[in-house]
Amino acid sequence: YTVSVVYGTGESGLSNSVNIVVTLINAQTIGGRLQAVGGERNITITNAEGKLVEVYSVSGAQVYSGAGRQQLNVPVKRGQYIVRIGGKTFNLVVK
């Protein structure tokens, strides 16, 4: 992106262009086999049999709560989510 400065008498020219690349790790593994992956408008949780699965938006709203299973797909909107599986908590980003 580029920026400019607005003065009382006008605006500056654009700055040099800058590209920013953000890399996010979107998969979390707990205890070897349990895994949660933020995908395209979906959170996929595998190997969560017998564990309570909870998904929250970053604003704190509960999006999902239920029993885990071999594979669980939770449809969500794009954004960042807090996922709690069997007492373990972590963040995922859904694109």
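Just so it is clear, the model here is predicted, and its values are computed rather than measured.

1. Re the overall build of the protein chain
The secondary structure content of the protein chain amounts to zero helices and 10 strands. Start at the N end of the protein chain and walk to the C end: the helices and strands fall as β-β-β-β-β-β-β-β-β-β. Considering only residue pairs separated by 6 or more positions, the protein chain has 41% of its internal contacts joining residues 24 or more positions apart. Of the roughly 6,400 Å² that the protein chain leaves accessible, carbon and sulfur atoms contribute 51%.

2. Points about the pattern of salt bridges
The full count for this structure, using the stated rule, is one salt bridge. A salt bridge links R84 to E54; the shortest N-O distance between them is 3.8 Å. Note that R84 is positioned in strand β9 (residues 79–85) and E54 in strand β6 (residues 52–57), a separation of 30 residues in sequence.

3. Some points on the confidence of the model for the protein chain
Here the protein chain averages 81 in pLDDT, and 82% of its residues register 70 or above. Model confidence for the protein chain, summarised as mean pLDDT per element, is weakest for strand β3 (residues 27–30) at 62 and strongest for strand β7 (residues 62–67) at 95. Confidence over residues 20–25 falls short of pLDDT 50; this stretch has two contacts with residues more than four positions distant or in other chains.

4. A few points about unusual backbone geometry
One non-glycine residue with positive phi stands out, namely N47, at about 60°. Mapped onto the elements, N47 comes out in the loop between β5 (42–46) and β6. The exposure class of N47 is buried, given its relative accessible area of 19%.

5. So, the side chain of E54
Note on E54: relative accessible area 12%, which makes it buried. One polar contact links E54 to Y56, side chain to side chain, over a distance of 2.9 Å. The contact partners of E54, leaving out residues within four places of it in the chain, are Q62, Y64, S65, I82, V83 and R84.

6. Regarding the pairing of strand β10 (residues 88–94)
Side-chain direction in a regular strand flips from residue to residue, so the side chains alternate between the two faces of the sheet. With seven bridges connecting them, β9 and β10 associate as antiparallel partners. The residue bridging V83 from the neighbouring strand is F90, located in β10.

7. Topic: the pairing of β7
Note: β6 against β7, five bridges, orientation antiparallel. Of the residues in β7, the one forming a bridge with V53 is G66. The antiparallel pairing of β6 with β7 creates a hairpin that spans four residues between the two strands, and G60 there sits at a positive phi of about 100°.

8. A closer look at the environment of F90
Position of F90 relative to the elements: it lies in strand β10. Using a relative accessible area of 9% as the deciding quantity, one classes F90 as buried.

The rules behind these values
Residues numbered from 1 in each chain as written. Predicted model: local features only at pLDDT ≥ 70, side-chain atom pairs only at ≥ 80, totals over all residues. Heavy atoms only, no water. Helix = DSSP H or I, 4+ residues; strand = E, 2+ residues; numbered from the N terminus. Contact = heavy atoms within 4.5 Å. Areas by Shrake-Rupley, 256 points an atom, 1.4 Å probe, with all protein chains shown as cover. Salt bridge = Lys/Arg side-chain N within 4 Å of Asp/Glu carboxyl O. pLDDT = per-residue confidence, 0-100. Buried < 20%, exposed > 50% of the residue type's maximum accessible area, 1.4 Å probe, protein only. Polar contact = N/O pair within 3.5 Å; in protein donor to acceptor, adjacent residues only side chain to side chain. Pairing = 2+ DSSP bridges.

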